Amino acid sequence: MFGTCWGGVDIVMEGPPSRKRIAEYWCSEEALHELVMFPALLTDPEEPECQACGYYAVSWPNWNSSKLERAHILARSAGGSWDTSNFLLLCRSCHQEAPMTNDRNHMLQWAQTRPSHFSAEFDKLSIELSALGVDPEVLSGIGRHALLASARRLAAGTHFGRMSCATLALAVRGWIEGV
Ligand SMILES: [Zn+2]
């Protein structure tokens, strides 16, 4: 909840805080008592990524212009507030699969233990690479994050804003052949 003063009248507006404010909360001292229990929720003010699965896109310059969604920890229907501390920043897929719960710790634990988006993507990518006749072992000596980011930069287009693993595999093959 946030307020403003207009014409001498205090108006209380309700709505979610900005993504940047939520990201700042999750690396502040205020959140420390929960970050000790759920360290995966720690944010980096410079690097927007899903707090549950770690998904990010290289086209996101900052938190506010990311496609991350502001997810209530306690749903409005369960009495959850608009306070910054009642939000996580999640990718669409995690937001859709997140539990509707009236137990704050349950939601935080769920986000803490969500599998990494990039491990799942890496497994799918390995299958696509094999289909192209590229030994997925070539990926093992290369930083996964860096490789995916570089492949994303190389590939021309996306489907609905997300690159398919088959496209990514083509980009990786091109990247390997270009080395
Ligand atoms: Zn996610």
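This text gives an overview of the structure that appears in the document. Keep in mind that this is a model prediction, so the values were computed, not measured.

### Observations concerning the overall build of the protein
Part 1 of the argument: When helices and strands are tallied, the protein shows 7 helices and 4 strands.
Part 2 of the argument: Across the protein, helices and strands are ordered from the amino to the carboxyl terminus as β-β-α-α-β-β-α-α-α-α-α.
Part 3 of the argument: In the protein, 55% of the contacts between residues at least 6 apart in sequence involve partners at least 24 apart.

### Brief notes about the pairing of strand β4 (residues 87-90)
Part 1 of the argument: Going residue by residue along β4, you find Phe-87 and Leu-89 tucked away on one face and Leu-88 and Leu-90 tucked away on the opposite face as well.
Part 2 of the argument: One ladder, built from 4 bridges, connects strand β3 (residues 69-72) with β4; its direction is antiparallel. The residue of β4 that forms the bridge with Glu-69 is Leu-90.

### Observations regarding the nonpolar core
Part 1 of the argument: Counting 22 residues, the largest nonpolar core has Cys-50, Leu-88, Leu-89, Leu-90, Cys-91 and Cys-94 as the members making the most contacts within it.
Part 2 of the argument: Contributions of two or more residues to this core are made by α1 (19-25), β4 and α4 (104-113).
Part 3 of the argument: Per-element tally for this core: the top contributor is β4, with 4 residues.
Part 4 of the argument: Those residues in contact with Leu-89 that lie beyond four places of it in its chain are Arg-19, Ile-22, Ala-23, Cys-50, Gln-51, Leu-68 and Arg-70.
Part 5 of the argument: In this structure, Leu-168, Ala-169, Ala-171 and Val-172 belong to the second largest nonpolar core, which totals 7 residues.

### Things to note about the environment of Ala-31
Part 1 of the argument: With respect to the helices and strands, Ala-31 occurs in the loop between α1 and α2 (32-35).
Part 2 of the argument: Considered as a pair, Ala-31 and Ser-85 are 54 residues apart in the sequence and their alpha carbons are 7.9 Å apart.
Part 3 of the argument: Other than its neighbours up to four places away in sequence, Ala-31 contacts Tyr-25 and Trp-26.

### Some details on the packing of helix α5 (residues 117-131) against helix α7 (residues 165-178)
Part 1 of the argument: In contact at an axis separation of 9 Å, α5 and α7 are set at 65° when each is read in the N-to-C sense. Considered as vectors, α5 and α7 are oriented roughly perpendicular to each other. In this structure, α5 meets α7 at a crossing whose hand is right-handed. Residue-level inspection shows Glu-121, Lys-124, Leu-125, Glu-128 and Leu-129 of α5 in contact with α7, the latter providing Cys-165, Ala-166, Leu-168, Ala-169 and Val-172.
Part 2 of the argument: Partitioning the contact of α5 with α7 into residue classes produces 7 nonpolar, no polar and 3 charged.

### Looking at α5
Part 1 of the argument: Its 15 residues give α5 an end-to-end C-alpha distance of 21 Å, which sits within 8% of 21 Å, the value for a rise of 1.5 Å per residue.
Part 2 of the argument: Phi turns positive, to about 80°, at Gly-133, one or two residues after α5.

Calculation criteria
- Residues numbered from 1 in each chain as written.
- Predicted model: local features only at pLDDT ≥ 70, side-chain atom pairs only at ≥ 80, totals over all residues.
- Helix = DSSP H or I, 4+ residues; strand = E, 2+ residues; numbered from the N terminus.
- Contact = placed C-beta atoms within 7 Å.
- Buried ≥ 20, exposed ≤ 12 C-beta atoms within 10 Å, placed from the backbone.
- Pairing = 2+ DSSP bridges.
- Core = buried A, V, L, I, M, F, W, Y, C linked by C-beta atoms within 7 Å.
- Axes fitted to C-alpha atoms, helices over the stretch in contact; angles between N-to-C directions.
- Parallel < 35°, antiparallel > 145°, perpendicular 65-115°, else oblique.
- Left-handed = near helix turned anticlockwise from the far one by under 90°.
- Nonpolar A, V, L, I, M, F, W, Y, C, P; charged D, E, K, R; others polar.
- Expected span 1.5 Å × (residues − 1).

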